[in-house]
Amino acid sequence: MASPVNPPRGMRDFLPADKARRERVLSVIRSSFAAHGFDEIETPSVEDSDRLHAGLGGDNEKLAFAVMKRGLTVEDLRAADEPLDLADLGLRFDLTVPLARFYASHRAELPTVFRSIQIGPVWRAERPQKGRFRQFVQCDIDIIGEAGPLAEIELITATAATLDALGLSECTVRVNDRRLITSALTVLGFPLETHPAALITIDKLDKVGQDGVVAELRERDFPAAAVDALEAFFQRPMTMEFLPFGERSIRRLLPEGVDDAAIAALAAIGHAVEEGRGSDPHHPLVRFDPWLVRGMGYYTGTIFEIEHPSLGYSLGGGGRYDGMIGRFLGTDVPAAGSSLGFERLVDLVDLPAVTGAEGVALVHDRDVTPATLVALQAALVAEGRRVRLITRPRNLAPVLDQLAASGFGEFAFVSADSTVDDLEFKPLS
């Protein structure tokens, strides 16, 4: 018995109708991003292994697929201390690390403030499960070279407008600032050197809840007094309630003594987004989330995530990562970005299918010569039609159904002496 011919685990094939649907959604995303002044680039699917494992990708570095060096010998295998010693390349696990390398490579050819679109597949060695794949598409926009809050404001505004264009106007953007959460940890008594580990645990808040976070922090031997202070703060009224943006409401959700400058900067970003969009004050787009972390280790300032009321997970997010490009370039360059998780997004979107009026099928008898068929096809293509050649089957109905599902709108029968002027097109539906 032959084994099933399936794609690798966690990866998928897409039938023509599915592919067409995905491309419609991608087309809207591309058009919206471009309308907001971003330019599309493309980077390779693989990057140097050392670059992918430079400590910038957080836990995702552990999920990177490695590409083994060519020409390895048994002696190389024996001499390797760890598996990565055998790899010189790896599949990209996100689009931000490749963008930083791209900018470092092409800085002289790019504008002072560079606004990029990058859309493509990324790979992570996840454990496959519902909604989680090993190959998936990300849709990123980034602004490099803008140190002020305009970058975050543009990114959030462009992302929200794109979601609106896709019919997902009910989305909310949860916003925080890495400086605020690290300042809060310091106020609560967590030593600076423990912050990265503490943030990894706090980032699980949506999954394990407050009690789970506190329990894990205790198991990992963080200072007991600091964990007690965090637990007490969790239990304060309104600590986890997301209020409309403003300095006063942000302060109400944070311990006393946090970074005032970061509070003011974040409040200004939220106000500018709402003011610029003309948002309904009773249904604001932006919400402050005091314990939003985002797992990537490269974020240095504002961070945000996009949520939809029908989902228990985010549709994407982003933030400021001023320190990353300097790792490649040797000179610090301000940068911020936003990413939409396409695979989660596409399942929510219900865009109308292409009408297919321009697509026609030529259903021909078997005695029609190939030269006649391609001549008819060429003439119709020259008129702007999409043309498919179909040998006339015994049972035409299922073939017509397949054509309609593929976006074709009409068909015509072709005989050996048919000309373009003789063709009588009939609707498929």
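All of the points below concern the structure found in this document. (Residues numbered from 1 in each chain as written. Predicted model: local features only at pLDDT ≥ 70, side-chain atom pairs only at ≥ 80, totals over all residues. Heavy atoms only, no water.)

## Observations concerning the overall build of the chain
- Assigned secondary structure in the chain consists of 15 helices and 15 strands.
- Seen through its principal axes, the chain has C-alpha atoms that stretch 90 × 65 × 50 Å.
- Across the 429 residues that make up the chain, the buried fraction comes to 44%.
- Within the chain, contacts between residues separated by at least 24 positions form 67% of all contacts whose residues are at least 6 apart in sequence.
- Measuring between centres, the 45 positive side-chain charges of the chain sit 4 Å from its 63 negative side-chain charges. (Helix = DSSP H or I, 4+ residues; strand = E, 2+ residues; numbered from the N terminus. Buried < 20%, exposed > 50% of the residue type's maximum accessible area, 1.4 Å probe, protein only. Contact = heavy atoms within 4.5 Å. Lys, Arg positive; Asp, Glu negative; His and termini not counted. Charge placed at Lys NZ, Arg CZ, Asp CG, Glu CD.)

## Side note on the packing of aromatic side chains
- On inspection of all chains with the given rule, the structure shows five aromatic pairs.
- Ring centres of F102 and F114 lie 6.3 Å apart, and the angle between their planes is 25°; on these two criteria the pair is classed as stacked. With a gap of twelve residues between them, F102 in helix α4 (residues 96-106) and F114 in strand β5 (residues 114-123) connect regions that are remote in the sequence.
- Judged by centre distance (6.1 Å) and plane angle (80°), the ring pair of F233 and W291 falls under edge-to-face. Of this pair, F233 sits in helix α9 (residues 224-234) while W291 is found in the loop between β8 (286-288) and β9 (302-307), placing the two residues 58 residues apart along the sequence.
- Among the residues examined, F233 registers a relative accessible area of 6% and is labelled buried. (Phe/Tyr/Trp six-rings, centres within 6.5 Å; stacked < 30°, edge-to-face > 60°.)

## Things to note about the state of the cysteines
- Overall, the coordinates contain zero disulfides when judged by the stated rule.
- Unpaired in terms of disulfides, C139 finds its nearest cysteine sulfur in C171, a separation of 14 Å.
- Under the relative-accessibility criterion, C139 is labelled buried at 0%.
- Its relative accessible area of 6% is what places C171 among the buried residues. (Disulfide = S-S within 2.5 Å.)

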